[in-house]
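One letter stands for each residue in the lines below.
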2 protein chains.
Amino acid sequence: MITAIFAFRDDSPKYKQIYEQFKLFIDRGDILADERLPSIRQLADSLQVSRNTTLMAYDQLVAEGYIRGEGGRGYFANELEPLISQGKVILPALKQSESLAPPSLIDFRAGAVDQTHFPLKVWRSIANQVLSLQESYQYGEPFGEMFLRKQIATYLHQSRGVKTNANAVIIGSSTQQMLINLGYILKADFPCITVEDPGYDGARQSFQLHNFMIETLPVYETGADFSQLEHSKSRLIYVTPSHHSPYGISMSIQQRQTLIHWANKIEGYIIEDDYDSEFRYTQQPFPALASIDPARVIYLGNFSKSFLPGIRLSYMVLPEPILKRYIHQFLHFESTTSLHSQLTMAKFMEEGEWNRHIKRMRLVYKRKMQQMVSQLLMQFDQTISIIGEQSGLYLLIKVDLNRSEEWLIEQASFHGVKVYPTSIYYLNNTTDIPIIKLGFSNLSSEEIKLGVELLKMAWV
Amino acid sequence: MITAIFAFRDDSPKYKQIYEQFKLFIDRGDILADERLPSIRQLADSLQVSRNTTLMAYDQLVAEGYIRGEGGRGYFANELEPLISQGKVILPALKQSESLAPPSLIDFRAGAVDQTHFPLKVWRSIANQVLSLQESYQYGEPFGEMFLRKQIATYLHQSRGVKTNANAVIIGSSTQQMLINLGYILKADFPCITVEDPGYDGARQSFQLHNFMIETLPVYETGADFSQLEHSKSRLIYVTPSHHSPYGISMSIQQRQTLIHWANKIEGYIIEDDYDSEFRYTQQPFPALASIDPARVIYLGNFSKSFLPGIRLSYMVLPEPILKRYIHQFLHFESTTSLHSQLTMAKFMEEGEWNRHIKRMRLVYKRKMQQMVSQLLMQFDQTISIIGEQSGLYLLIKVDLNRSEEWLIEQASFHGVKVYPTSIYYLNNTTDIPIIKLGFSNLSSEEIKLGVELLKMAWV
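These numbers come from a predicted model, not from an experiment.

### Overview of the domain arrangement of chain A
All names here are of chain A.
Step number 1: Domain annotation for chain A reports domain 1 (2–92), domain 2 (106–116 + 357–459) and domain 3 (120–355).
Step number 2: Across the contact, 27 residues belong to domain 2 and 37 residues belong to domain 3.
Step number 3: Looking only at domain 2, the three residues that lose the most surface to domain 3 are His357, Ile358 and Tyr425, adding up to 22% of its buried area.
Step number 4: Here domain 2 is connected to domain 3 by one salt bridge.
Step number 5: Lys398 is paired through a salt bridge with Glu221; the nearest N and O atoms lie 2.5 Å apart.
Step number 6: For the pair domain 2 and domain 3, the interface holds 25 residue pairs in polar contact (both at pLDDT 80 or more).

Spelled out as structure tokens, the structure:
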């Protein structure tokens with residue numbers, strides 16, 4: 001019963017509008033069976049929405065059986081037998097065979113986590129205990145619960161070599177939110193920031209909200225090019241050294257030292273977003289920048305990829321002068337992070353469950369990554385090259401088929417597979433051959449196999 | 001076992017520093033038994049921290065038995081018998097009789113909720129269900145889960161007369177966070193904002209973060225004075241019409257209409273913070289401003305007082321033009337609010353549990369409020385007057401004893417009772433006679449009685 005309620009999970013207002021309009025058209029017979037629908041491009045242009053929004057609406061209609069995609073020919077309405085009952089249109093159960101689209105979509109979305117290996121029992125049990133504590137009925141601390149801050153300090157020391165103390169650990173809800181808060185502290189003294197190109201678009205948006213002047217550090221599949229950094233105006237840089245977003249590469253120890261040297265020389269700061277550092281499959285992770293020079297590094301981590309995105313739990317470690325300013329600025333602001341999630345996670349960490357979980361998931365995701373790679377190589381041979389398979393919960397494929405990124409995504413969608421663009425990560429830097437992002441963390445072995453097979457059908 | 005971990009719940013870095021330093025001094029014998037400690041004022045001045053920080057540290061030391069307060073004479077170290085074991089000082093169990101402070105503090109803090117009447121079973125059961133859903137392992141929607149937004153729209157219509165639809169309801173983590181986000185949308189067109197004086201300091205801080213120019217609307221125990229509003233520069237006003245913070249009064253329908261008229265005339269907006277609207281004891285609540293003219297009102301509500309502060313769940317309803325700008329600005333930012341809390345609350349509301357909870361708690365809190373009033377009248381007679389007893393989870397007392405607010409708080413603390421200042425809410429407006437804030441939502445009947453008796457001992 002409860003699942004029925006979540007029908008609208010994926011709607012944005014515009015998406016909803018398109019989705020419901022077409023449903024109505026088809027229900028009312030305004031669009032007849034086998035009639036061709038406008039192409040995604042046409043519809044997006046005429047409604048002035050993004051193609052992605054249009055695609056999402058069509059995907060949903062395909063999934064619900066209202067329409068079907070027919071390879072390159074476009075989308076067509078399916079035959080329905082609407083029942084009018086008490087003035088309300090009730091949709092009959094669809095005969096799956098009528099639709100050319102596969103009954104369920106394979107969604108290569110990055111950012112979900114594996115549900116089957118989630119330590120549901122332990123987590124529930126601790127969460128239930130926490131809800132009995134008196135502390136759970138009060139407001140929490142503005143910078144996060146000390147119990148959790150201590151656990152994170154211990155974890156960072158053990159696993160990332162970052163020596164800090166709980167007072168310098170600040171709890172937040174998301175990387176973006178923490179970057180926005182940092183913006184208030186930093187923008188007066190650091191009006192200019194360098195970001196990776198390509199790089200995490202969400203971070204860029206946080207800096208843009210504060211009208212930082214943005215410079216770029218070019219990054220290639222082989223690594224970043226630091227040659228121009230000396231000539232930049234920035235005294236602040238945002239990087240993802242453990243697992244570059246999106247390339248998935250790890251910054252070499254030499255590059256790390258270059259960066260630290262630069263920050264010291266100009267008395268600037270490095271914002272180190274250490275996301276996905278937990279899942280490195282081929283070797284030990286390199287030490288965090290914050291472990292080399294904590295005085296010049298603002299360290300960011302979160303539990304979204306490694307545990308659960310929905311609990312909204314992030315943290316940062318601030319060097320002394322920044323910490324002082326941060327506390328002064330935000331002392332009178334309530335925390336935005338659930339007190340219960342904080343205490344549950346703290347207890348989960350204290351009991352060693354967090355380390356066990358990461359260890360277990362590293363194996364689970366490693367197997368999935370290996371399967372992704374072998375399936376892709378089997379199906380595609382020389383037409384694709386794989387990027388970033390050594391760590392993280394997604395990989396990239398460079399698809400050398402003389403097709404656009406948009407075409408690849410659209411064709412995949414016609415075949416019931418959702419894949420994701422990387423063009424959103426680029427500013428000035430470009431790539432000739434389109435690169436597609438494939439997340440796999442919550443797909444089963446069968447789904448990975450089917451998904452890659454469908455991609456082959458869609459593209460080749 | 002789990003409770004032992006929360007020893008540091010109340011520390012901020014400065015507080016911790018003071019607390020730990022004194023503990024060490026006493027443990028090591030640097031401060032001898034019965035030696036007088038610096039006064040709160042002296043210590044605060046010499047360390048350059050607030051008196052409240054110092055008071056908190058002393059309170060904690062009193063509670064743990066390290067020191068005692070002796071009425072007006074100040075604080076003194078207690079006699080301890082430190083045991084040296086494995087190089088670590090282990091504190092012996094304290095003999096309670098040695099300390100003049102009562103064994104447990106009565107804390108009249110506003111902002112906690114009643115734990116004994118919390119619907120723990122139902123909430124846990126729904127929370128556990130939600131954790132089994134596939135949706136719980138993904139990222140949530142940027143503006144909140146549609147399931148919850150729908151439930152809130154329905155609730156607002158039924159209980160506050162606010163007609164809206166789910167798309168205009170935005171989920172956030174706290175009132176302050178939503179005000180900060182609104183700041184980005186509004187500050188260019190509305191550089192100046194009027195706030196109530198006295199008024200909610202947390203809101204003011206959010207506006208100050210954006211460097212809004214701040215004007216004030218004088219508020220008295222009898223109500224707000226709108227006479228100067230016409231001459232203000234602001235086209236934006238932030239008000240708490242259901243339950244003024246801190247006076248607890250409700251804005252009359254005539255005043256509401258005056259405000260709406262003003263906003264229409266200048267084409268401005270009213271930010272209506274409808275907090276505590278659920279707990280009105282004497283009559284039906286007045287309709288929300290947003291129910292009178294939704295086009296001119298940005299409506300804010302939250303679940304902190306009415307349900308649980310720790311889940312960090314707030315919402316706002318935006319008029320069309322603001323909504324459009326908000327969505328455009330924040331479309332690419334992840335929600336900061338726990339997906340699980342959102343879905344659990346949505347289901348809780350859908351099943352009617354929310355309405356049941358509010359109804360039940362209104363009675364519970366009404367009884368507590370009545371007891372507070374009768375105890376205060378019994379102990380204090382004419383020396384105090386009570387403000388704001390018709391609604392909300394705290395009341396104010398105007399204490400006419402020729403003493404300062406600080407003296408009253410300090411004396412109460414010596415007697416083991418924590419009470420709170422209201423001076424922090426004032427900007428230009430002032431009060432001759434000090435006003436003390438007493439929250440009672442998580443105190444038992446016995447605690448309320450004891451607390452008021454101790455206040456009498458402390459003050460008279």
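The discussion continues.
### Comments concerning the relation of the copies chain A and chain B
Step number 1: For the pair chain A and chain B, the best superposition has an RMSD of 0.2 Å and corresponds to a rotation of 180 degrees with a translation of 0.1 Å parallel to the axis. Put plainly, the chains are arranged around a two-fold axis.
Step number 2: Most of the interface of chain A is mirrored in chain B, where 100% of its interface residues are also at the interface.

### Description of helix 4 (residues 120–130) of chain A
Step number 1: Those residues of helix 4 of chain A that fall on the buried side of the exposure criterion are Trp123(A), Ile126(A), Asn128(A) and Val130(A).
Step number 2: If you follow the buried residues of helix 4 of chain A, they end up packed against helix 11 (339–350) of chain A together with helix 4 (120–130) of chain B.

### Quick notes on the side chain of Thr240(A)
Step number 1: The topology assignment puts Thr240(A) in the loop between strand 10 (236–239) and helix 8 (253–266).
Step number 2: A distance of 3.1 Å separates a polar atom in the side chain of Thr240(A) from the backbone nitrogen of Ser245(A).

### Thoughts on the interface of chain A and chain B
Frequently, the measure chosen for interface size is the accessible area removed from exposure when the parts meet.
Step number 1: Residue-level contacts link 71 residues of chain A with 73 residues of chain B.
Step number 2: Of the roughly 6,900 Å² buried between chain A and chain B, counting both surfaces, carbon and sulfur atoms make up 59%.
Step number 3: Where chain A meets chain B, there are zero salt bridges.
Step number 4: Elements with a minimum of two residues in the side of chain A that touches chain B: helix 1 (13–28), helix 4, helix 5 (146–160), helix 6 (175–186), helix 7 (201–209), helix 10 (320–330) and helix 11 of chain A.
Step number 5: Here the element with the most residues in the side of chain A that touches chain B is helix 4 of chain A; it accounts for six residues.

### A few points about the sheet that holds strand 18 (residues 435–439) of chain B
All names here are of chain B.
Step number 1: In spatial order, the strands read 14-15-18-17; together these four strands make up an open sheet with antiparallel pairing. Edge strands, defined here as strands with exactly one partner in the open sheet, are strand 14 (384–387) and strand 17 (420–421).
Step number 2: Bridge count for strand 14 against strand 15 (residues 394–399) is four bridges, and the pairing is antiparallel. Bridge pairing in strand 15 places Ser385 opposite Lys398.
Step number 3: Strands strand 15, strand 17 and strand 18 of the sheet are contacted by helix 13 (residues 405–414), whose axis makes an angle of about 40 degrees with strand 18.

### Remarks on the pairing of strand 18 (residues 435–439) of chain A
All names here are of chain A.
Step number 1: Of all the five residues making up strand 18, five are buried; the element is thus mostly covered by neighbouring parts of the structure.
Step number 2: Because side chains alternate across strand 18, one face comprises the buried residues Ile435, Lys437 and Gly439, and the other comprises Ile436 and Leu438, equally buried.
Step number 3: With five bridges joining them, strand 15 (residues 394–399) and strand 18 adopt antiparallel strand pairing. In the sheet register, Leu395 faces strand 18, and the bridge partner there is Leu438.
Step number 4: In this sheet, strand 18 lies alongside strand 17 (residues 420–421) in antiparallel orientation, the contact comprising two bridges. The residue bridging Tyr420 from the neighbouring strand is Lys437, located in strand 18.

### Quick word on unusual backbone geometry
Residue and element names in this part refer to chain A.
Step number 1: A cis amide bond links Ser245 with the next residue in sequence, Pro246, at an omega value of 10 degrees.
Step number 2: Along the chain, Pro246 turns up in the loop between strand 10 and helix 8.
Step number 3: With a phi close to 70 degrees, Asp34 is a non-glycine residue in the positive phi region.
Step number 4: Following the sequence through the fold, Asp34 ends up in the loop between helix 1 and helix 2 (40–47).
Step number 5: Overall, Asp34 belongs to the partly exposed group, its relative accessible area being 48%.

### Describing the pattern of salt bridges
All names here are of chain A.
Step number 1: Within the structure shown, the criterion is met by 20 salt bridges over all chains.
Step number 2: Between Asp189 and Arg325 there is a salt bridge, with its nearest N and O atoms 2.8 Å apart. Placement of Asp189 in the loop between helix 6 and strand 7 (192–197) and of Arg325 in helix 10 is noted, with a sequence separation of 136 residues between them.
Step number 3: We classify Asp189 as partly exposed; its relative accessible area is 40%.
Step number 4: The exposure class of Arg325 is partly exposed, given its relative accessible area of 32%.

### Here we look at helix 10 of chain A
Residue and element names in this part refer to chain A.
Step number 1: Of all the positions in helix 10, only Ile322, Leu323, Tyr326, Ile327 and Phe330 are classed as buried. An end-on view of helix 10 places all buried positions within 130 degrees of arc, on one side of the element. Along helix 10, the residues that are exposed and aim more than 90 degrees away from the buried face are Lys324 and His328.

### So, the environment of Glu272(A)
Residue and element names in this part refer to chain A.
Step number 1: Relative to the helices and strands, Glu272 is located in strand 11 (residues 269–273).
Step number 2: Accessibility expressed as a relative area gives 0% for Glu272, which makes it buried.
Step number 3: Here the alpha-carbon distance between Glu272 and Leu401, two residues 129 residues apart in the chain, equals 36 Å.
Step number 4: Not counting the four nearest positions on each side in its chain, Glu272 is found in contact with Val239, Pro241, Arg256, Ala288, Leu289, Ala290, Val297, Ile298, Tyr299 and Leu300.
Step number 5: A polar contact is formed between the side chain of Glu272 and the backbone nitrogen of Ala290, at a distance of 2.9 Å.

Procedures and definitions
- Residues numbered from 1 in each chain as written.
- Chains lettered and ligands numbered in written order.
- Predicted model: local features only at pLDDT ≥ 70, side-chain atom pairs only at ≥ 80, totals over all residues.
- Heavy atoms only, no water.
- Domains from an automatic or database assignment.
- Contact = heavy atoms within 4.5 Å.
- Buried area = accessible area lost by both parts, 1.4 Å probe.
- Salt bridge = Lys/Arg side-chain N within 4 Å of Asp/Glu carboxyl O.
- Polar contact = N/O pair within 3.5 Å; in protein donor to acceptor, adjacent residues only side chain to side chain.
- Least-squares fit on C-alpha atoms with pLDDT ≥ 70 in both.
- Buried < 20%, exposed > 50% of the residue type's maximum accessible area, 1.4 Å probe, protein only.
- Helix = DSSP H or I, 4+ residues; strand = E, 2+ residues; numbered from the N terminus.
- Pairing = 2+ DSSP bridges.
- Axes fitted to C-alpha atoms, helices over the stretch in contact; angles between N-to-C directions.
- Arc of directions from axis to C-beta.

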